[in-house]
Amino acid sequence: MKMTSRSFSRAALASTLLATTVGASLLLVTSAGAATTLGASAAQTGRYFGTAVSAGKLGDSTYVNLLNREFNMVTAENEMKWDATEPNQGQFNYSGGDRILNQAVSNGKRMRGHALLWYQQQPGWAQNLSGSALRQAAINHVTQVATYYKGKLYSWDVVNEAFADDGSGGRRDSNLQRTGNDWIEAAFRAARAADPGAKLCYNDYNTDGVNPKSTGIYNMVRDFKSRGVPIDCVGFQSHLTNSAPGDYQANLQRFADLGVEVQITELDIAGSNQANAYGAVTRACMAVARCAGITTWGIRDTDSWRTGQNPLLFDGNGNKKAAYNSVLDALNAGGATTTPTTPTTPTTPTTPTTPTTPTTPNPGGCTASVSLNSWNGGFVATVKVTAGASALNGWRVTTVLPAGATVTSAWSAANTGTTGTVTWANVAYNSAVAAGQTTEFGFQGTGSAEGITSTCTAS
Ligand code: XIL
């Protein structure tokens, strides 16, 4: 029999286990083969198995039982999208996202954030913006939402579906795209600045084989990697019918070879060949070491957005379908071992974050430091205020902006002035800062803020 690279990897893994843990290896192999849920089975090779979750279904006991039994990763189906999280400009609503996150965390699951910027499911106010007003609103959205969920999410779909289906390999026309081709990298930089711990993904559909669209994305990721734009993962939605493209695995592998994690993010498969196709997709992920996991876009057929197509792993009564068994078998068969990566800060960013030197702490005083996320014509500044040896009851920060920079909006502090020397006072809820602790505020503006300085005084 010809030895495939997959079977070779498994053999190599098995012999490593035997060589290093002779006593335990039999037990490991036995228990590995016996996993009976999707999540536990995927975990044997360091992968996850996830599902999209809708907050409105968390009261349905059949749904929640399946969720808790089978899945160890969760994506909010709609609740973390722009229209849900910022229904009015500058007013954020995290209630639906938080319900899902709390359910996930309290049951030991992790969560993928979905999606910070997308041409669909934008709030009406954003649909009506364009140019620099839209760019600033979009970057502020990324900053605010990623900051709110900082440290809590496995990954973020920072940008969703930005490439065209027209065979050109180019970008999709959208209000976001019309703000300038650099909108995607500006979004990734803002997301990294806000939550350095989340893996940052680009996510899209019809990218499941090697085709002009996936190649356009491949070229973007390669370019981002070469210029130090922070990107950690690429999501392949995989909304399929009857089969995956024959080069599905090869396509995942070429992205993985760029040094990004690959994730199957919204899998659902309609059609009579469903069970086979689910098996093939799962085996492809298992064969790619950097394929971190699979998420299906819902639990039961009745939960699917593809109404009437029955594309999921459980029927409407919550029973396992043939497709479920195909997936479980493929997960249990093992695969290339994943090597989890931690997001790394880019070494050579073209518009670097430039924390200013913190001011010398006065006894009982405070320090302020500014991080900038800049793009051509605008910036977001995040200011950390840190209390000195004693607690603060209130604080003031003075920033000096370079000529041409103008503050256009701010959060978590009240400003006096918008150009040159601008002072910032705490708002009611962040006036008290314990000794040595930090609070944050931020602002965005037009022009360049490179060279901004900041000083802090306790008030
Ligand atoms: C879908 C949801 O499942 C629906 O409930 C909603 O009405 C529309 O969006 N690509 C994506 C997902 O990235 O966010 C979409 O989810 C499905 C296609």
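This section reports on the structure supplied with the text.

Basis of the calculations
Residues numbered from 1 in each chain as written. Predicted model: local features only at pLDDT ≥ 70, side-chain atom pairs only at ≥ 80, totals over all residues. Heavy atoms only, no water. Helix = DSSP H or I, 4+ residues; strand = E, 2+ residues; numbered from the N terminus. Buried < 20%, exposed > 50% of the residue type's maximum accessible area, 1.4 Å probe, protein only. Contact = heavy atoms within 4.5 Å. Areas by Shrake-Rupley, 256 points an atom, 1.4 Å probe, with all protein chains shown as cover. Salt bridge = Lys/Arg side-chain N within 4 Å of Asp/Glu carboxyl O. Disulfide = S-S within 2.5 Å. Pairing = 2+ DSSP bridges. Axes fitted to C-alpha atoms, helices over the stretch in contact; angles between N-to-C directions. Near = heavy atom within 4 Å. Polar contact = N/O pair within 3.5 Å; in protein donor to acceptor, adjacent residues only side chain to side chain. Nonpolar A, V, L, I, M, F, W, Y, C, P; charged D, E, K, R; others polar. Right-handed = clockwise from strand over helix to strand, strands pointing away. Parallel < 35°, antiparallel > 145°, perpendicular 65-115°, else oblique. Left-handed = near helix turned anticlockwise from the far one by under 90°.

Observations regarding the overall build of the protein chain
Alright, step 1. Within the protein chain, the secondary structure is distributed over 13 helices and 17 strands.
Alright, step 2. Classification of the 459 residues of the protein chain by burial places 53% in the buried group.
Alright, step 3. Taking contacts inside the protein chain between residues at least 6 apart in sequence as the whole, the part at least 24 apart equals 75%.
Alright, step 4. Carbon and sulfur atoms make up 53% of the accessible area of the protein chain, which amounts to about 18,200 Å² in all.

Focus: the pattern of salt bridges
Alright, step 1. Summed over all chains, the structure comprises 18 salt bridges.
Alright, step 2. We note a salt bridge from Asp303 to Lys57, for which the minimum N-O separation is 3.3 Å. Residue Asp303 is found in the loop between strand 9 (291-296) and helix 13 (322-332), and its partner Lys57 is found in the loop between strand 1 (48-53) and helix 4 (61-70); the two are separated by 246 residues along the sequence.
Alright, step 3. Put simply, Arg178 and Asp173 hold a salt bridge, and the shortest N to O gap is 2.7 Å.
Alright, step 4. Salt bridges sharing common partners tie together Lys57, Asp60, Arg300 and Asp303.

Quick look at the state of the cysteines
Alright, step 1. Summed over the entire model, instances satisfying the criterion amount to three disulfides.
Alright, step 2. One disulfide bridge connects Cys201 with Cys233, the sulfur atoms lying 2.1 Å from each other. Across the S-S bond of Cys201 and Cys233 the torsion is about -90°, and the bridge reads as left-handed. Of this pair, Cys201 sits in strand 5 (residues 199-204) while Cys233 sits in strand 6 (residues 233-236); the two residues are 32 residues apart in sequence, bridging distant segments of the chain.
Alright, step 3. Its relative accessible area of 0% is what places Cys233 among the buried residues.
Alright, step 4. With its sulfur 2.1 Å from that of its partner, Cys285 forms a disulfide with Cys291. In this structure the cystine formed by Cys285 and Cys291 twists about its S-S bond by roughly -100°; its chirality is therefore left-handed.

Here we look at the sheet that holds strand 11 (residues 378-387)
By definition, the strands of a sheet pair up through backbone hydrogen bonds, in either a parallel or an antiparallel sense.
Alright, step 1. Spatially, four strands are ordered 10-11-16-13 in an open sheet, and the strand pairing comes out antiparallel. Both outer strands of the open sheet, strand 10 (366-375) and strand 13 (406-411), are each paired with one neighbouring strand and no more. Put simply, the sheet's adjacent strands are angled 25° from each other on average, direction ignored.
Alright, step 2. Taken together, the five bridges between strand 13 and strand 16 (residues 438-446) define a ladder with antiparallel strand orientation.

Brief notes about the sheet that holds strand 14 (residues 414-416)
Alright, step 1. The strand order 14-15-12-17 describes an open sheet built from four strands, whose pairing is antiparallel. Strands at the two margins of the open sheet, each flanked by one partner only, are strand 14 and strand 17 (453-458). On average, each strand axis in the sheet is inclined to that of its neighbour by 25°, with strand direction left out of account.
Alright, step 2. Across six bridges, strand 12 (residues 395-400) lies against strand 17 in antiparallel orientation.

A closer look at unusual backbone geometry
Alright, step 1. Note the cis peptide between His114 and Ala115, where omega equals -10°.
Alright, step 2. The backbone of Gln121 sits at a positive phi, close to 50°, despite the residue not being glycine.
Alright, step 3. Residue position: Gln121 is located in the loop between strand 3 (110-118) and helix 7 (124-127).

Some remarks on the environment of Ser132
Alright, step 1. Within the element layout of this structure, Ser132 appears in helix 8 (residues 131-148).
Alright, step 2. The class of Ser132 is exposed, set by a relative accessible area of 52%.

Things to note about the site of the ligand
Alright, step 1. Near the ligand lie 13 residues; those nearest to it are Glu77, Lys81, His114, Asn160 and Glu266.
Alright, step 2. The contact in question runs from an oxygen atom of the ligand to an N or O atom on the side chain of Glu266, over 2.7 Å.
Alright, step 3. Between the ligand and Trp297, the relevant distance is 2.9 Å, taken from an oxygen atom to a side-chain nitrogen or oxygen of the residue.
Alright, step 4. Out of a free accessible area of 410 Å², the ligand has 79% covered by protein chains.
Alright, step 5. For the shell around the ligand, the residue count by class is three nonpolar, six polar and four charged.

Digging into the pairing of strand 9
Alright, step 1. Most of strand 9 sits out of view: six of its six residues are buried.
Alright, step 2. Judged from the four bridges that link them, strand 1 and strand 9 form a sheet pairing that is parallel. Within the sheet, the bridge partner assigned to Gly50 lies in strand 9 and is Thr295.
Alright, step 3. Alignment of strand 8 (residues 261-270) against strand 9, held across four bridges, turns out to be parallel. Of the residues in strand 9, the one forming a bridge with Leu267 is Thr296.
Alright, step 4. Handedness of the crossover joining strand 8 and strand 9 through helix 12 (residues 274-287): right-handed.

As for the packing of helix 10 (residues 212-227) against helix 11 (residues 248-256)
Alright, step 1. The interhelical angle for the contact between helix 10 and helix 11, taken along N-to-C directions, is 15°, at an axis separation of 10 Å. By the angle between their axes, helix 10 is roughly parallel relative to helix 11. Crossing geometry of helix 10 relative to helix 11 is assigned as right-handed. Contacts from Ser214, Thr215, Ile217, Tyr218 and Val221 of helix 10 reach helix 11 at Asn251, Arg254 and Phe255.
Alright, step 2. Grouping the amino acids of the contact of helix 10 with helix 11 by side-chain chemistry returns four nonpolar, three polar and one charged.

Regarding the side chain of Ser304
Alright, step 1. Relative to the helices and strands, Ser304 resides in the loop between strand 9 and helix 13.
Alright, step 2. Judged by relative accessible area, Ser304 falls into the buried class, the value being 8%.
Alright, step 3. Polar contacts involving the side chain of Ser304 include one to the main-chain amide nitrogen of Arg306, which spans 2.9 Å.

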